[in-house]
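Next come the chains, spelled out residue by residue.
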Amino acid sequence: MFSELLPAGAVEARVILEESIVFWRGQDGIAYAIEDRCPHRWAPLSIGKQVGADRIRCKYHGLEFDGTGHCVHNPHGKGRIPESETLRSYPVHEYCGIIWLWMGWEEPNLALLPDLSNYLPDSPHHVAKPGWIAIDVPFELMIDNVLDLSHVALVHEGVLGNEESLAGETSFEQRGVDSVAAYRFTRNIPAPEYFDLIYKADGRKLDIWNNVSWKAPTHLMLEVGCTDVGGQRSDGTEILAHHVLTPVTKTSCMYHYLGAQCNAPSRSAEQMDAVAKRLGELRKLAFFEQDGPIVAAQFKVIQRNGEFRPLPLPGIDQAAVLWRRLYKRILKQEQARHPLQNVPAATAVA
Ligand code: FES
Ligand SMILES: [Fe+2]
């Protein structure tokens, strides 16, 4: 969750990995996250309110809880604290304007967080406003979608690709045991609107690259850019986009994205505003009218058939095949270490 969604005193409900979680930020400025279930009559704590420096109060009968999941105040009777189970609490860490939550059963490992320094306001790049959307498809299908660079030509025709970009060549790379990358380069094609806008906005043909990498469990890094036909990549411009998928349930997820542009062309403030506005529209179009409907339709077919047995195409599908294989292996290892826990994986999710 983006930190800005949780100002001091705010309470937010989220479902992550099928678990109902209440977040709040105390007057002490710290974000807390515990199970969203009052042990008294099981009212969700998320309809309660933040009280004191660091507590949340149940709206039904007023029990108060701290960030460790302990009941710390009972307004009834003689104020005796009821003996009850401690609610599950989740370690929280804020980094780069994002509240990161540790869902695993081992000690939190902050080294798993991706490097987001390029997206901080003091970055040398032109940083765009971050955003997120809720999507009613499993996160796995969204990872397939983003890792599959070949869909850009037809699904995002005119916006990010076109018929000519079908000719692009893709190469793949496995990085260690938990990461996969795909690289695609397309030469001398009519400029799709997005690339035209981020570069010279002159309608001329371009060389375009789309690179993407997945790092377990759900981090995707995109580097998409363009330059003059035959030109150096360093003379062109590039968008670095970081996408984080948070599984909500088995069939839904939250999609968070942050982007920054390197080597942005110099423009007047007015031009920059106009370009940023149009890029925002194109991003929405790509998500809601292009990727969204096709992945949702694909998911319906998968549900109807009960099992997903795709037919991988040579030259374009290696990344989608490989990330699932690595992810399955990581899950298996995780489940072997924690046989009693019914969780898909110890993951750092946003
Ligand atoms: S349900 Fe929460 S105090 Fe009663
Ligand atoms: Fe797409």
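Residues numbered from 1 in each chain as written. Chains lettered and ligands numbered in written order. Predicted model: local features only at pLDDT ≥ 70, side-chain atom pairs only at ≥ 80, totals over all residues. Heavy atoms only, no water.

**Some words on helix α4 (residues 269–305)**
Under the 1.5 Å per step criterion, the end-to-end length of α4 is 52 Å for 37 residues, consistent within 8% with the ideal 54 Å. The largest bend in α4 amounts to roughly 40 degrees and is located at G292, with the proline P293 lying one to four residues further along. The complete set of buried residues in α4 reads V275, L279, L282, A286, F287, Q290, D291, V295, F299 and I302. Buried residues along α4 sit against β11 (131–135), α1 (139–147), α2 (152–155), α3 (193–198), β16 (237–249) and β17 (252–262). Two residues or fewer past α4, G306 is found with a positive phi of approximately 80 degrees. (Helix = DSSP H or I, 4+ residues; strand = E, 2+ residues; numbered from the N terminus. Expected span 1.5 Å × (residues − 1). Bend = angle between axes of the 7 residues up to and from the residue. Buried < 20%, exposed > 50% of the residue type's maximum accessible area, 1.4 Å probe, protein only. Contact = heavy atoms within 4.5 Å.)

**Here's the deal with the layout of surface pockets**
By volume, the largest pocket is sized at about 1400 Å³. Lining the largest pocket we find 44 residues, and of these E140, L141, D144, F308 and R324 sit closest to its centre. Every element with two or more residues in the lining of the largest pocket is listed here: α1, α2, β16, α4 and α5 (318–337). Per element, the largest residue contribution to the lining of the largest pocket is eight residues, and it comes from α5. Among the residues making up the lining of the largest pocket, the classes are represented as 25 nonpolar, eight polar and eleven charged. A volume near 1100 Å³ is recorded for the second largest pocket. Considering the residues around the second largest pocket, the lining is formed by 47 residues, among which Y194, I239, Y257, L279 and R283 are closest to the centre. The set of elements that each furnish at least two residues to the lining of the second largest pocket consists of β10 (126–127), β11, α1, α3, β15 (219–228), β16, β17 and α4. When residues in the lining of the second largest pocket are grouped by element, the largest group, 14 residues, is from α4. Class assignment of the residues belonging to the lining of the second largest pocket gives a composition of 30 nonpolar, ten polar and seven charged. (1 Å grid on protein atoms, 1.4 Å probe; cavity = no way out; pocket = protein on both sides within 12 Å on 5 of 7 lines; lining within 4 Å. Points joined across faces, edges and corners; volume = space filled by probe spheres on them. Nonpolar A, V, L, I, M, F, W, Y, C, P; charged D, E, K, R; others polar.)

**Description of the coordination of the iron ion (ligand 2)**
Protein coordination at the iron ion (ligand 2): the donors are H151 (NE2), H156 (NE2), D291 (OD) and D291 (OD), at 2.1 to 2.3 Å from the metal. Around the iron ion (ligand 2) sit four donor atoms, and with donor-metal-donor angles ranging over 59 to 148 degrees the site reads as irregular. Read N to C, the donor residues that coordinate the iron ion (ligand 2) are spaced as H-x4-H-x134-D. When its relative accessible area of 12% is taken as the criterion, H151 is described as buried. With a relative accessible area of 2%, H156 lands in the buried category. (Donors = N, O, S within 2.8 Å, 3.2 Å for Na, K, Ca; no water. Tetrahedral: all angles 85-135°; square planar, octahedral: opposite > 155°, others 65-115°.)

**Remarks on the sheet that holds strand β1 (residues 11–16)**
Pairing is antiparallel across the open sheet formed by three strands, whose spatial order is β1-β2-β3. Pairing within the sheet leaves two strands with one partner each, and these edge strands are β1 and β3 (31–35). Each strand axis lies, on average, 25 degrees off the axis of its neighbour in the sheet, ignoring direction. Direction of pairing for strand β2 (residues 19–25) relative to β3: antiparallel, over a ladder of five bridges. Counted as the bridge partner of W24 is Y32 from β3. (Pairing = 2+ DSSP bridges. Axes fitted to C-alpha atoms, helices over the stretch in contact; angles between N-to-C directions.)

**Observations concerning the pairing of strand β12 (residues 169–175)**
Two strands pair when backbone bridges link them, and β12 and strand β13 (residues 179–189) are joined in this way by seven bridges, in the antiparallel orientation. Note that in β13 the partner of Q174 across the bridge is V180. If you look at the hairpin formed by β12 and β13, you'll find three residues sitting between the two strands, and G176 has a positive phi there, around 65 degrees.

**Overview of the pairing of β13**
Here β13 runs beside strand β14 (residues 206–215); their pairing, made up of nine bridges, is antiparallel. Across the sheet, residue V180 finds its bridge partner in β14, namely W214.

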